[in-house]
Amino acid sequence: MQRVVLHVDMDYFFAAIEERENPELRGKAVVVCMLSGRSELSGAVSTCNYIARGFGIRSGMPCSRAKKLNPEAAFLPVRKEFYTLVSDRVMEILRSYADVRENGEAFEQISIDEAFLEITEKTGGDFSLAFELGMQIKNEIKEKENLTCSVGIGPNKLISKMASSVKKPDGITAVSPDKLESFLWPLKVSKLWGIGDVTAGKLQEMGIVKIKDLAEHDVIDLVSAFGKPRGIWLKQAAVGVDESPLKEREGSEQIGRIATLPEDTLDVQLISPLLDRLAGDVISKLNSRELSFRTVTVTVINSNFRMYTKSRTLNHPISSKEVLLEAAHEIMSEFLSESHVEFRRVGVRVGDLQKIKGQKSLFDY
Ligand code: DCP
Ligand code: CA
Ligand code: CA
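Residues numbered from 1 in each chain as written. Chains lettered and ligands numbered in written order. Predicted model: local features only at pLDDT ≥ 70, side-chain atom pairs only at ≥ 80, totals over all residues. Heavy atoms only, no water.

Participant: Quick question: what am I supposed to make of the sheet that holds strand β5 (residues 107-111) here?
Facilitator: Within a beta sheet, neighbouring strands are joined by backbone hydrogen bonds and run either parallel or antiparallel to one another. Spatially, the 5 strands line up as an open sheet ordered β5-β6-β1-β7-β8, and their pairing is mixed. Lying at the two open borders of the sheet, with one neighbouring strand each, are β5 and β8 (172-174). Sheet twist, expressed as the average angle between the axes of neighbouring strands with direction ignored, equals 15°. Across 6 bridges, strand β1 (residues 5-10) lies against strand β7 (residues 149-154) in antiparallel orientation. The residue bridging His-7 from the neighbouring strand is Gly-152, located in β7. Its contacts with the sheet place helix α4 (residues 80-95) against β1, β5 and β6 (114-118), and it is angled at close to 150° to β5. (Pairing = 2+ DSSP bridges. Helix = DSSP H or I, 4+ residues; strand = E, 2+ residues; numbered from the N terminus. Axes fitted to C-alpha atoms, helices over the stretch in contact; angles between N-to-C directions. Contact = heavy atoms within 4.5 Å.)

Participant: How should the pairing of β7 be read in this particular structure?
Facilitator: Each regular strand displays side chains that alternate between the two surfaces of the sheet. With 6 of 6 residues buried, β7 is to be regarded as a mostly interior element. Side-chain alternation along β7 places Cys-149, Val-151 and Ile-153 on one buried face and Ser-150, Gly-152 and Gly-154 on a second face that is also buried. Relative to β8, β7 is paired through 3 bridges, and the arrangement is parallel. Bridging from a neighbouring strand, Gly-152 pairs with Thr-173 of β8. Each parallel crossover has a hand, and for β7 linked through helix α7 (residues 157-164) to β8 it is left-handed. (Buried < 20%, exposed > 50% of the residue type's maximum accessible area, 1.4 Å probe, protein only. Right-handed = clockwise from strand over helix to strand, strands pointing away.)

Participant: How should the coordination of the calcium ion (ligand 3) be read in this particular structure?
Facilitator: Perfect tetrahedral coordination of a metal by four donors corresponds to 109.5 degrees between them, and perfect octahedral coordination by six donors corresponds to 90 or 180 degrees. Donor atoms from the polypeptide that bind the calcium ion (ligand 3) are Asp-9 (OD), Asp-113 (OD) and Glu-114 (OE), placed at 2.1 to 2.4 Å. Ordering the donors of the calcium ion (ligand 3) by residue number gives the pattern D-x103-D-E. Separation of the calcium ion (ligand 3) from the calcium ion (ligand 2) amounts to 3.4 Å, with Asp-9 serving as a shared donor to the pair. With Asp-9 in strand β1 and Glu-114 in strand β6, the pair connects residues that are 105 residues apart, well separated along the chain. Just as Asp-9 is buried, Glu-114 falls in that class too. (Donors = N, O, S within 2.8 Å, 3.2 Å for Na, K, Ca; no water.)

Participant: Would you explain helix α1 (residues 13-21) in this entry?
Facilitator: Each α-helix turn comprises 3.6 residues. Residues three or four places apart therefore point the same way. Counting buried residues along α1, 8 of its 9 residues qualify, which places the element largely inside the surrounding structure. Of the surrounding elements, those touching the buried residues of α1 are β1, β2 (30-34), β3 (44-48), β4 (74-77), α4 and α6 (127-145).

Participant: Explain the packing of helix α13 (residues 268-288) against helix α14 (residues 321-338) here, please?
Facilitator: Helix-helix packing is described using two parameters, namely the angle between the two axes and the distance between the axes. Running from amino to carboxyl end, α13 crosses α14 at an angle of 145°, the nearest separation of the two axes being 10 Å. Crossing of α13 against α14: the hand is right-handed. On α14, the residues that touch Val-268, Ile-271, Ser-272, Leu-275, Asp-276, Ala-279, Gly-280, Val-282 and Ile-283 of α13 are Lys-321, Leu-324, Leu-325, Ala-328, His-329, Met-332 and Leu-336. When grouped by side-chain class, the residues that make up the contact of α13 with α14 number 11 nonpolar, 3 polar and 2 charged. (Left-handed = near helix turned anticlockwise from the far one by under 90°. Nonpolar A, V, L, I, M, F, W, Y, C, P; charged D, E, K, R; others polar.)

Participant: Mind showing me how you'd approach the packing of aromatic side chains here?
Facilitator: The geometry of an aromatic ring pair is captured by two quantities: the separation of the ring centres and the angle between the planes. With the rule as written, the count across this model stands at 6 aromatic pairs. Here Tyr-12 and Tyr-50 contribute two aromatic rings whose centre-to-centre distance is 5.5 Å and whose plane-to-plane angle is 70°, an arrangement assigned as edge-to-face. Here Tyr-12 is found in the loop between β1 and α1, whereas its partner Tyr-50 is found in helix α2 (residues 50-53), with 38 residues between them in sequence. Taking relative accessible area as the criterion, Tyr-50 reaches 27% and is therefore assigned partly exposed. Summarising the aromatic geometry, the rings of Phe-14 and Tyr-83 are spaced 4.4 Å apart at their centres and angled 25° between planes, so their arrangement reads as stacked. Separated by 69 residues along the polypeptide, Phe-14 in helix α1 and Tyr-83 in helix α4 bring together distant segments of the chain. An aromatic cluster is built from Phe-13, Phe-14, Phe-82 and Tyr-83, whose rings are joined through pairwise contacts. In this structure, Arg-53 is placed above the aromatic ring of Tyr-50, and the distance from its NZ or CZ to the ring centre is 4.2 Å. (Phe/Tyr/Trp six-rings, centres within 6.5 Å; stacked < 30°, edge-to-face > 60°. Lys NZ or Arg CZ within 6 Å of the ring centre and 35° of its normal.)

Participant: What is the right way to read the environment of Phe-183 from this model?
Facilitator: Within the secondary structure, Phe-183 is located in helix α8 (residues 180-184). If sequence neighbours within four positions are ignored, Phe-183 has contacts with Ile-159, Met-162, Ala-163, Val-166 and Val-175.

Participant: Teacher, can you tell me more about the nonpolar core here?
Facilitator: Note on soluble globular proteins: their nonpolar side chains tend to be buried together. Judged by nonpolar contacts, the single largest core of 37 residues is most densely connected at Leu-94, Leu-117 and Ile-141. Secondary-structure elements contributing two or more residues to this core are β1, α1, β2, α4, β6, α6 and β7. With 6 residues, α4 is the single largest residue contributor to this core. When residues are assigned to domains, this core turns out to be shared by domain 1 (5-11 + 81-178) and domain 2 (14-79), each giving three or more. In this structure Leu-94 touches Val-8, Phe-107, Ala-115, Leu-117, Ile-137 and Ile-141, once residues within four positions along its chain are discounted. If you look at the next biggest cluster of nonpolar residues, it comprises 30 residues, including Leu-261, Val-300, Leu-314 and Val-346. (Core = buried A, V, L, I, M, F, W, Y, C linked by side-chain atoms within 4.5 Å. Domains from an automatic or database assignment.)

Participant: I would appreciate a short explanation of the site of ligand 1 in the present structure.
Facilitator: Within the structure, ligand 1 sits among 13 residues, and Asp-9, Tyr-12, Ser-46, Thr-47 and Tyr-50 are positioned closest to it. Measuring from an oxygen atom of ligand 1, one finds a backbone N or O atom of Tyr-12 at 2.7 Å. In this structure, Tyr-50 approaches ligand 1 through a side-chain N or O atom, which is 2.7 Å from an oxygen atom. Here ligand 1 has 550 Å² of accessible area as a free molecule, and 70% of this is covered by the chains. Mapped by element, the contributors of at least two residues to the shell around ligand 1 are β1, α1, β3 and α2. (Near = heavy atom within 4 Å. Polar contact = N/O pair within 3.5 Å; in protein donor to acceptor, adjacent residues only side chain to side chain. Areas by Shrake-Rupley, 256 points an atom, 1.4 Å probe, with all protein chains shown as cover.)

Structure, rendered in structure tokens:
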């Protein structure tokens, strides 16, 4: 099946949150500053809204310079913890649109305001369905968080990431496999995601300016200039080929099981036995590898094929089945108390895995 990957990048994220929190800022230039604390406006610009960008203000520039460019702008201190809470809620919405996979990841957060979603199964490889899904995602984020984002859709991470920056803010761009060359080739090599200034400079010296030049360049020559993996990657990227899978952030391994209920239901009597069985499977797997866990996550997929997850972190690593069951049932009852749409599938997984060290404790005897 044709692979489909969707990338979301929130628009002027920190400044957009400030704007939303304070309606008086609407229509004004808003600049979020990382203040060094030494003197007023002694830090750098974290980000700014598009009105401020119209005055030439950019991320990273000294706040004092931004103040000169537009003395009327609102200058606000960065509130990172608060933005992280908003980010977590946005990521939860995004995750709910990704494919559900038992092995391999379908969701990857790459920064506070960006994520990839694998949507191959959801869309059956159809790019117009993917576009509709992208619009649904934008609408839900607008409705629930009053924020806009830009969406890119492509046959892989590389293309979806590049596509999301084509129309900003509040844009959506799909690049289907037949459009790869017309999308990529007119662009400068520096626009290729993963090429930094150093590589771009080196390519320029080799006479490679546009991505088209790179695509047409001899791969042997690229390999001798950049080494084998990098050289081959460059050649492939130039024609829009990228097979890299999505990776869950933090790189932490998880062990989980997911299964379909006998019928779509919100009845705890029907759900509990399946939850027990899944938790039992997870524990056997953990035991066989002598691992303990610290986080428990329950996933539900409802009859509209939307996926929701909730997690709980324990205060120490443990490998007890009872603890897992208790946590899983608690989370499930939370889900049940707030859901109106029937559940179709449920899953249990554990994370923050650690090797159970050395000798068994007294309790094991
Ligand atoms: N950020 C920062 N310092 C930078 C760049 C970014 O503190 N030099 C923070 C503030 C941004 C957030 O990270 O809001 C996301 O960065 P982006 O590069 O995605 O920029 P924005 O979301 O602000 O704007 P855009 O609409 O261009 O995506
Ligand atoms: Ca952004
Ligand atoms: Ca970003």
